Structures are given as C-alpha cells and as structure tokens.
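Topology and contacts: notes
Spelled out, the chains give:
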Amino acid sequence: MNRTGSVSTSELQGSACLPDVAPKPAGQPLWLLAELTYKCPLQCPYCSNPLDFSASGQELSTEQWVKVLREAREMGAAQLGFSGGEPLTRPDLNELIQEARHLGYYSNLITSGIGLNDHKLEQFRASGLDHIQVSFQASDEAVNNMLAGSAKAFEQKLKMARAVKANGYPMVLNFVTHRHNIDRIDRIIELCIELGADYVELATCQYYGWALENREQLMPSRAQLERAERITNEYRVRLEAAGNPMKLIFVTPDYYEERPKGCMNGWGQIFLTVTPDGTALPCHSARQLPVQFPNVKDRSLDDIWYRSFGFNKYRGNDWMKEPCRSCDEKEKDFGGCRCQAYMLTGDAANADPVCSKSQHHGKILQARAEAEAPADVPMTFRNERNSRVFCRSE
Amino acid sequence: MSNQRIPGFNPMFRLQWEKAQDSYVLLYPEGMIKLNPSAGEILARVDGQRSEAEITAALQQAFPEADSLAADVCEFMEVACEQNWIRFHE
C-alpha cells in the first residue's frame, strides 16, 4: 500500500524508545472496545480492521479477557463493546457477557448478525447483555450481499433484527453508507422503521483500513451526500410528527469538512481498544501507526493507560506542530485524527489534512474531485487471502 | 397531573450507581448520562411499582431536613419523561 507515504525518523526513534514515560493528564477509560477476534464470515470492503489482520498473533484466552474486563472496570470503564471481526465466532462470548454484567458494565454486542440465532439471543439476554447493534450493508438484498461478499447475509440480518426486538433488547441498526447505497437512504430509513430500531446510525464510511484502500469506490459525491442529509432531515420531521422515538444519527464523512473531528475526544482520554491478540490501543485504527503499543499480556491496564509510551504519545498538545500548535481551536479538535494524518501525510504529528489550514489539505480536495468522477476499479474485499497480500507487501 | 401515576424506566436505559463518577448514571447504547444528586436520588426510587406520591414520600423520609419536595419531584418527572428516560403507567 502506497498511501502511507514516508515515515519521519523521529516517529521511528520514538517507537523504539523505552515504553515507560512520565504520565500526562488523562481522563478515565470510560469506553472499552473489546475486539475479540478478527474472524468474520463477511468481507466488507470498508472494514476498519487492519489490512494485515491475518498476521495478528494468537487470540487472548477467556481468562485473559476476564482480566482485561476487571481491570478496565476498576479504572472506571462503564461502556463495553464486544466487537471484532465477528464476536459471535468466539465460543466464550456468553461467558464474557456474564462477567461483564457481573462487573456492572453496560454491554453492547456489535455484530453482523451472521451466526446469531434465537437460542443465543435468549441466552445472552439472560446473561445480561444490554444492547445489540446489527450492521447492514444496504437496504436491498443484492447490494447488501455484493458488499458483504455473502449470498445469504441480508435475509439472515432481517430475521435477526426482528428477533433482537422480539427479545426486548434496545437495537441500533448501523448502515455504513457510501456511493453505492447512499442514494437509497429513504429505503434504508423505511427498513429501519419497519424493523423497529431505536437508533439508526447512517454512518458515512470513514477511510481507514480497508476503506482507505477502496476509497475511490466508496466515497460519495458532494451532491449524493447533500441529498442524503436532506432526506434524513425530512424523515426526522416526519418521525417526530408521528410520535416515533427512533433516532437518526447521520455521520458526515470528514473529507467534506474544513475542520477535523475531535478524534476519540483526544488521544488516550476516554477510549480504550484491546485487539484480539491483546494489543492495547487509544483507538481501533491506531495499530497502523509506527508507535509501539503495549500488550495486556505483559502489563496491567492501569500501567498501560497511565504510563505506557503509546498512550502518552499524543496526549495533551505539546507534541503538536504548526499549524496546530498556535491554533485557537486545538483544544476543540486536538489537531484531528493521528491515523488520518499519518496515512495521508506520513507523519502522525501533522495536522489532520481535513483541516483547511493543513499544507496537505490538497490530498482531501483531490479525493473530493475523484469522487465526482470515480474510476471504475474493482473493490478489494476484506478476507484472509487479500490480507496476506498486504502482509507480504508491508 | 396526578401524582398517583407510576413511573417506570424506558428499557433503553439502565440506572446504576457508578463509583468512578461518584454519582448515579443512566447507561444506554454506547452512552452514559451523569445525573446530579437530586435526579439520581429520585430515579433510584423508580421501580415501575411505586407511584410518584410514594416516591415523594420516600424521599421526604430520606431527607427530613428538606422542604416539601412534591413540586420538585413532579417537575423532574416531566423532564425525565421528555427525555424518554421514563414512562408513566396510571
């Protein structure tokens, strides 16, 4: 992959440093994302897992996950996401759900719905699972299955979404939108109404991992985006008038903004991801940065969160360069996303190029221009075979 | 508005004492609302069984030094209902 560009030497030296550093001010890790596995029956071309996931080490054991859950809870974590890959492929998921409830987490299962059945829904409910988020690829069967790389996915998802509600769970439906499905946003919303969703995330693709690789094929044009937002707003009015409490959350792609998002509410402030092999990250895409991140097999979470090199690397703002350093908005957006800065400029300490003050903002403008006249190239699906190609080339 | 109405939680929300926040919180899909002390004390007595009048009486007993709480409780119930945290059964 050639988009990563060059790596500055200071970054590389940083990653080779001793892991312990003087701690900087940090919040509590309120949100723990437990990526239980990289295994997944689907092959979505916008998956946020790393491109080289197939080279990842052995998955944590049940006991190791239980230790992670206990330590994070002790540090103040209240929200727990079971994610992946497809978390349902972990045979110990029910045991982890029980432990989560015992510890007092609000637990969220983030699933494709593939591998779910009535028995598991009842079992998880009894074990204390609080909420299920089901992801869809599109509102119609053909597009959904094309994107998921599976012929039966859509039918299974519909069935499971109905079963989730029948079991009394709050349900979030997540649609990752992109140029191939965003023009059908009305049908997507209609489907969500029919399925009785409590929240609907209409999340325009964020270009990390596999999605960056497929950006040309995924990024909607500005006109597509504006139309989708207008229709979403019309539905909000209609839902309110009908007394329907379903909430529509429309996530704009930051590529169409002039200021970056305040990514993760700041590096190492509230969000903690643990990957299948136990690597701890301040966000789920940080693994691609040339920074050494600690592993829960080696150190306690408390030590990792407060004292590790990786979690302190971009805390606060003394790492910033211009234009961020002297910017009066730096407390608001923290210079944007470190991963995006790294992917698009080659240096994670640069301003996120989404910012119009960035000297690399042209990269974003170029991507917008490409979205107006996309080249017809095939998408790279997220699967083991393609992942091994990335492992070899990096 | 009758104070005989019975508030119960919207199943979307879970109330919990959160040691790390030193307060009651409402947890919901991927989010958390930190409650101020009086909101927390009121919601902690919402169980889908007791009426607003009974909740008010219980609070009055727990905080004997407080003036009449009925108006405050009623006002908060309206807010909590608007926020969709609770629902009423008559």
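Residues numbered from 1 in each chain as written. Chains lettered and ligands numbered in written order. Predicted model: local features only at pLDDT ≥ 70, side-chain atom pairs only at ≥ 80, totals over all residues.

**Let's talk about the overall build of chain B**
When its secondary structure is counted, chain B shows 3 helices and 5 strands. Going from N to C terminus, chain B has its helices and strands arranged as β-β-β-β-α-α-α-β. For chain B, the spread of C-alpha atoms along the three principal axes comes to 35 × 30 × 20 Å. Going through the 90 residues of chain B one by one, you find that 23% of them count as buried. Of the contacts made within chain B by residues no fewer than 6 positions apart, 48% connect residues no fewer than 24 positions apart. (Helix = DSSP H or I, 4+ residues; strand = E, 2+ residues; numbered from the N terminus. Buried ≥ 20, exposed ≤ 12 C-beta atoms within 10 Å, placed from the backbone. Contact = placed C-beta atoms within 7 Å.)

**Points about the pairing of strand β8 (residues 271–274) of chain A**
Residues and elements named next belong to chain A. Residues F271 and T273 point to one face of β8 and L272 and V274 to the other, with burial holding for every one of them. With 4 bridges connecting them, strand β1 (residues 31–35) and β8 associate as parallel partners. Bridge pairing links L32 to L272 in β8. The sheet contact formed by β8 and strand β9 (residues 280–281) spans 2 bridges and is antiparallel. When the bridges of β9 are listed, T273 appears paired with L281. Hairpin remark: β8 followed by β9, antiparallel, with 5 residues in the connecting loop; positive phi at G278, about 100 degrees. (Pairing = 2+ DSSP bridges.)

**Quick look at the sheet that holds strand β4 (residues 31–34) of chain B**
Residues and elements named next belong to chain B. In space, the 3 strands of this open sheet follow the order β2-β3-β4, with antiparallel pairing throughout. In this open sheet, the two edge strands, each paired with only one partner strand, are β2 (14–18) and β4. Strand-to-strand twist in this sheet, taken as the mean axis angle between neighbours without regard to direction, amounts to 30 degrees. Examined bridge by bridge, β2 and strand β3 (residues 23–28) share 5 bridges and lie antiparallel to one another. What sits directly across from Q16, in β3, is V25. (Axes fitted to C-alpha atoms, helices over the stretch in contact; angles between N-to-C directions.)

**Structural notes on the interface of chain B and chain A**
Each side of the interface is counted separately: chain B has 12 residues, and chain A has 16 residues. Looking at the side of chain B that touches chain A, the elements that each hand over two or more residues are β2 and β3 of chain B. With 3 residues, the single largest contributor to the side of chain B that touches chain A is β2 of chain B. Class assignment of the residues belonging to the side of chain B that touches chain A gives a composition of 7 nonpolar, 2 polar and 3 charged. (Nonpolar A, V, L, I, M, F, W, Y, C, P; charged D, E, K, R; others polar.)

**Re the packing of helix α7 (residues 185–195) of chain A against helix α10 (residues 222–241) of chain A**
Residues and elements named next belong to chain A. Where α7 contacts α10, the axes come no closer than 9 Å and their chain directions differ by 35 degrees. Relative to α10, α7 is oriented so that their crossing is right-handed. Residue-level inspection shows I185, D186 and I189 of α7 in contact with α10, the latter providing A228, I231, T232 and Y235. In the contact of α7 with α10, the residues fall into 5 nonpolar, 1 polar and 1 charged. (Left-handed = near helix turned anticlockwise from the far one by under 90°.)

**Details of the environment of L69 of chain A**
With respect to the element layout, L69 of chain A can be found in helix α2 (residues 62–74). Dropping the residues within four chain positions of it, L69 of chain A is found in contact with E99, A100 and L103 of chain A.

**Points about the nonpolar core**
Generally speaking, a soluble globular protein has its nonpolar side chains buried in company with each other. All names here are of chain A. Formed by 125 residues in total, the largest nonpolar core has its most connected members in A34, M171, L173, C192 and A197. Looking at which element gives the most residues to this core, the answer is α7, with 6 residues. If we skip the residues at most four places from it in the chain, C192 touches L173, A197, V200 and M246. (Core = buried A, V, L, I, M, F, W, Y, C linked by C-beta atoms within 7 Å.)

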